[in-house]
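# Structural characterization, general
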Amino acid sequence: MSKEPQKIFIIGQGLAGSVLAYLLDKQGHDVTVFDDAHATSSSMVAAGMWNPISFVRNNEIWLAKELLQSMQQVYPAMEKELNISCFHPTELVRIFPNVRAANDWDTRSTLPDIAPYALAKQDETVQQKMVQPAGHSILHHTGWLDVPVLLTAIRTYFADAGRLCLEFFTDDDLKRKQAEFPEARFIFCTGAAMKQSLLFSHIDLRALKGEVLTITANNLQLKRMVHFRKFLIPLGDETFKLGSTHELDFTDHNISEQGRLELLEELKTIYAGEVKVTAQHAGMRPTMHDRKPVAGFLVAHPTIGCFNGFGSRGVLMIPYFAQHLIDHIEKQTPLNKEVDLMRYWKHHK
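Residues numbered from 1 in each chain as written. Predicted model: local features only at pLDDT ≥ 70, side-chain atom pairs only at ≥ 80, totals over all residues. Heavy atoms only, no water.

### Considering the packing of helix α3 (residues 64-82) against helix α9 (residues 314-331)
Interhelical geometry of α3 versus α9 gives an angle of 85° and a closest axis separation of 8 Å. Taken together, α3 and α9 sit at an angle that is classed as roughly perpendicular. In this structure, α3 uses Glu-66, Leu-67, Leu-68, Ser-70, Met-71, Val-74 and Tyr-75 to contact α9, whose residues at the interface are Gly-314, Val-315, Leu-316, Met-317, Pro-319, Tyr-320 and Phe-321. (Axes fitted to C-alpha atoms, helices over the stretch in contact; angles between N-to-C directions. Helix = DSSP H or I, 4+ residues; strand = E, 2+ residues; numbered from the N terminus. Parallel < 35°, antiparallel > 145°, perpendicular 65-115°, else oblique. Contact = heavy atoms within 4.5 Å.)

### Focus: the layout of surface pockets
By volume, the second largest pocket is sized at about 170 Å³. As for the second largest pocket, its lining consists of 12 residues, and the residues nearest its centre are Ala-46, Asp-146, Pro-148, Leu-235 and Lys-241. Breaking the lining of the second largest pocket down by element, the ones donating at least two residues are α2 (42-45), β10 (143-145) and α6 (147-160). Class assignment for the residues of the lining of the second largest pocket results in 9 nonpolar, 1 polar and 2 charged. (1 Å grid on protein atoms, 1.4 Å probe; cavity = no way out; pocket = protein on both sides within 12 Å on 5 of 7 lines; lining within 4 Å. Points joined across faces, edges and corners; volume = space filled by probe spheres on them. Nonpolar A, V, L, I, M, F, W, Y, C, P; charged D, E, K, R; others polar.)

### Some details on the environment of Pro-286
Secondary-structure assignment places Pro-286 in strand β17 (residues 276-288). Measuring from C-alpha to C-alpha, the distance between Pro-286 and Gly-309 comes to 4.9 Å, with 23 residues separating the pair along the chain.

### As for the packing of aromatic side chains
Under the criterion given, the structure shown has 15 aromatic pairs. Each ring, one from Phe-169 and one from Phe-186, has its centre 6.4 Å from the other, and the planes form 35°; the classification is tilted. Pair noted here: Phe-169 is in the loop between β11 (164-165) and α7 (171-180) and Phe-186 is in strand β12 (residues 185-188), with a separation of 17 residues, a long-range link. An identical accessibility class is assigned to Phe-169 and Phe-186; each is buried. For the ring pair Phe-169 and Phe-188, a centre distance of 6.1 Å and an interplane angle of 70° mean the geometry is edge-to-face. (Phe/Tyr/Trp six-rings, centres within 6.5 Å; stacked < 30°, edge-to-face > 60°. Buried < 20%, exposed > 50% of the residue type's maximum accessible area, 1.4 Å probe, protein only.)

### Notes on the sheet that holds strand β16 (residues 239-243)
Spatially, the 8 strands line up as an open sheet ordered β8-β9-β7-β14-β15-β16-β13-β17, and their pairing is mixed. Two strands bound the open sheet, and with one partner strand each, they are β8 (118-119) and β17. Pairing of strand β7 (residues 92-95) with strand β14 (residues 225-228) involves 3 bridges; the strand directions are parallel. Residue pairing in the sheet places Val-93 in a bridge with Val-226 of β14. Across the sheet, helix α8 (residues 257-268) touches β13 (205-216), β14, β15 (230-236), β16 and β17, and the angle it forms with β13 is around 60°. (Pairing = 2+ DSSP bridges.)

### Some thoughts on unusual backbone geometry
Cis geometry is adopted by the peptide bond preceding Ser-244, which originates at Gly-243 and carries an omega value of -10°. As for its placement among the helices and strands, Ser-244 is situated in the loop between β16 and α8. Within the chain, Arg-229 stands out as a residue other than glycine whose phi angle is a positive 85°. Among the structural elements, Arg-229 can be located in the loop between β14 and β15. Its relative accessible area of 52% is what places Arg-229 among the exposed residues. In this structure, Glu-238 is a non-glycine residue whose phi angle is positive, near 60°. Relative to the elements of secondary structure, Glu-238 occurs in the loop between β15 and β16.

Structure, rendered in structure tokens:
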């Protein structure tokens, strides 16, 4: 067991790399961050919404309570130290797609795992201005994180300390740094790009393209987020985030007319008012085949590891598993078997 400060290189300054680097730094480790500021990073274009309930089965997601507790500690602490505003707890309106879904929710929402999230009230704006023939429900312990604001602040934090390298981290860089710092750890948090590395080619990580719009709707005085197959997040000043598309078989990383139309057509199913698109972004979301993130170190290269694959629940999952990985580094505590990189070892002997 060792809590001695370690030299650690974090490769990739998306949300996963940023939170992990910050927590390692706060716990006394010597952290240097490499990042190439890739424009299609999912973190820089993410809407940042979190929701601990799965609407597929109307159940609490895996480790929901633990994830919420960690997130509610980490992000406000980062806000305070970095002097920013990025953490926005906001209630969520779920518009039911049909009566069957509404009835199922009515039944499930009284159960012990769901009841703490369900609120017995209605949203007046949704009732007055949105189409919802099967009705809606309101949840709390939900919200959104302004990810670009947080990442920009973290970038400044490490740059001011002289520990940020804005460049692509190559295999030659890895060899050179290993020779210079033989005891250092290297943790790859490079999102969908990690699959391109031969070190991690055995990991079943896939890139999922998602597009998000920023829109204005002058007559929509909405204070809560709305889920309706897509989602709508109020940013203030009659501005909203509208997302997200999910494209596994994509041909490029660019925004598309198809993505814009898909989102706007979905919005029209619940809101007939006039909207204006002010921005459109596309990003590559790193997802795993089993929907669990991946963390840990390679058996053949025990100082080289990864922290990745958080998919659409990154905002909620990353703080908890960042500390989980740090405990593994400092105390050699076992990693959760469902996220441990070792689950791929049998494919890479």
